[in-house]
Amino acid sequence: MYERRRTEAEERLGEEPSEDEKDCVMVKVVLPDGVSKARRFRANSGVVSLFDFVEACTGLEPGWYVLMRSTFQAPKQICLEDVLVGRTNDGDVECRTLRDLEIERYETLRVKIID
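*Asks:* Is there a simple way to think about the environment of Ser49 in this case?
*Replies:* Relative to the helices and strands, Ser49 resides in helix H2 (residues 48–58). Classification of Ser49 by relative accessible area gives buried; the value is 12%. Considering only alpha carbons, one finds Ser49 and Arg12, 37 residues apart in sequence, at a separation of 7.9 Å. Those residues in contact with Ser49 that sit more than four places away from it in its chain are Leu13 and Phe41. A polar contact is formed between the side chain of Ser49 and the backbone oxygen of Gly46, at a distance of 2.6 Å.

Structure representation (structure tokens):
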């Protein structure tokens, strides 16, 4: 089951942008076991792509965890429900982009399992 979810998430992610491509960000995700995984994303990618990346790495479904982002004020939680905006006329899910969340050129996020 986990393997199928991983494969489907990898397909949704598609090809990683090349290092030459402009307007991209590097996101490092620290998984619950302490292992770090990094990937480049286009700045206009939907935030849902971060959840696809974690699912591709772990097989975890988005409802089982949140992404924790460190800020100068306090850690900030990114939940899938908070980034979904609605649906397009075609039925596709609309969500905020990495740029909307002000994800910088290099960002580290931690995966926190929901108790």
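*Asks:* What am I meant to see in the environment of Arg6 here?
*Replies:* Tracing the backbone shows Arg6 in helix H1 (residues 2–13). Distance in space between the C-alpha atoms of Arg6 and Val54 is 8.9 Å, their sequence separation being 48 residues. Excluding residues within four positions of it along the chain, Arg6 makes contact with Glu55, Ala56, Cys57, Thr58 and Gly59. At a separation of 2.8 Å, a polar atom in the side chain of Arg6 contacts the main-chain carbonyl oxygen of Cys57.

*Asks:* Explain the packing of H1 against H2 to me, please; I cannot follow it from the model alone.
*Replies:* When two helices pack together, their arrangement is given by the angle between their axes and by how far apart the axes lie. Orientation of H1 relative to H2, taken along the N-to-C sense of each, is 140 degrees, at an axis distance of 7 Å. Classified by the angle between their axes, H1 and H2 sit oblique to one another. Crossing angle aside, the handedness with which H1 passes H2 is left-handed. Each of Tyr2, Arg5, Arg6, Ala9, Glu10, Arg12 and Leu13 in H1 lies in contact with H2, whose residues at this interface are Ser49, Asp52, Phe53, Glu55, Ala56, Cys57 and Thr58.

*Asks:* Even after reading the chapter, I still don't get the nonpolar core, so can you show me in this structure?
*Replies:* For soluble globular proteins, nonpolar side chains are generally found buried alongside one another. In terms of nonpolar packing, the biggest core is built from 22 residues, with Val27, Phe41, Leu50 and Leu67 touching the most fellow members. Among the elements of the structure, H1, strand E1 (24–30), H2, strand E3 (65–69) and strand E7 (106–113) are those that each provide at least two residues to this core. Counting residues per element, this core draws most heavily on H2, which supplies six residues. Beyond its immediate sequence surroundings of up to four residues, Val27 is in contact with Lys37, Ala38, Arg39, Phe41, Leu50, Ile103, Glu107 and Leu109.

*Asks:* Would you explain the side chain of Arg39 in this entry?
*Replies:* Here Arg39 is to be found in strand E2 (residues 36–42). The charged side chain of Arg39 is buried without a salt bridge, its nearest counter-charge being Glu16 at 4.7 Å. From its side chain, Arg39 meets the backbone oxygen of Gly14 in a polar contact 2.9 Å long. Once residues within four sequence positions are removed from consideration, Arg39 is found in contact with Leu13, Gly14, Glu15, Glu16, Pro17, Val25, Met26, Val27 and Phe53.

About the thresholds
Residues numbered from 1 in each chain as written. Predicted model: local features only at pLDDT ≥ 70, side-chain atom pairs only at ≥ 80, totals over all residues. Heavy atoms only, no water. Helix = DSSP H or I, 4+ residues; strand = E, 2+ residues; numbered from the N terminus. Buried < 20%, exposed > 50% of the residue type's maximum accessible area, 1.4 Å probe, protein only. Contact = heavy atoms within 4.5 Å. Polar contact = N/O pair within 3.5 Å; in protein donor to acceptor, adjacent residues only side chain to side chain. Axes fitted to C-alpha atoms, helices over the stretch in contact; angles between N-to-C directions. Parallel < 35°, antiparallel > 145°, perpendicular 65-115°, else oblique. Left-handed = near helix turned anticlockwise from the far one by under 90°. Core = buried A, V, L, I, M, F, W, Y, C linked by side-chain atoms within 4.5 Å. Lys, Arg positive; Asp, Glu negative; His and termini not counted. Salt bridge = Lys/Arg side-chain N within 4 Å of Asp/Glu carboxyl O.

By themselves, these figures tell us nothing about what the structure is for.
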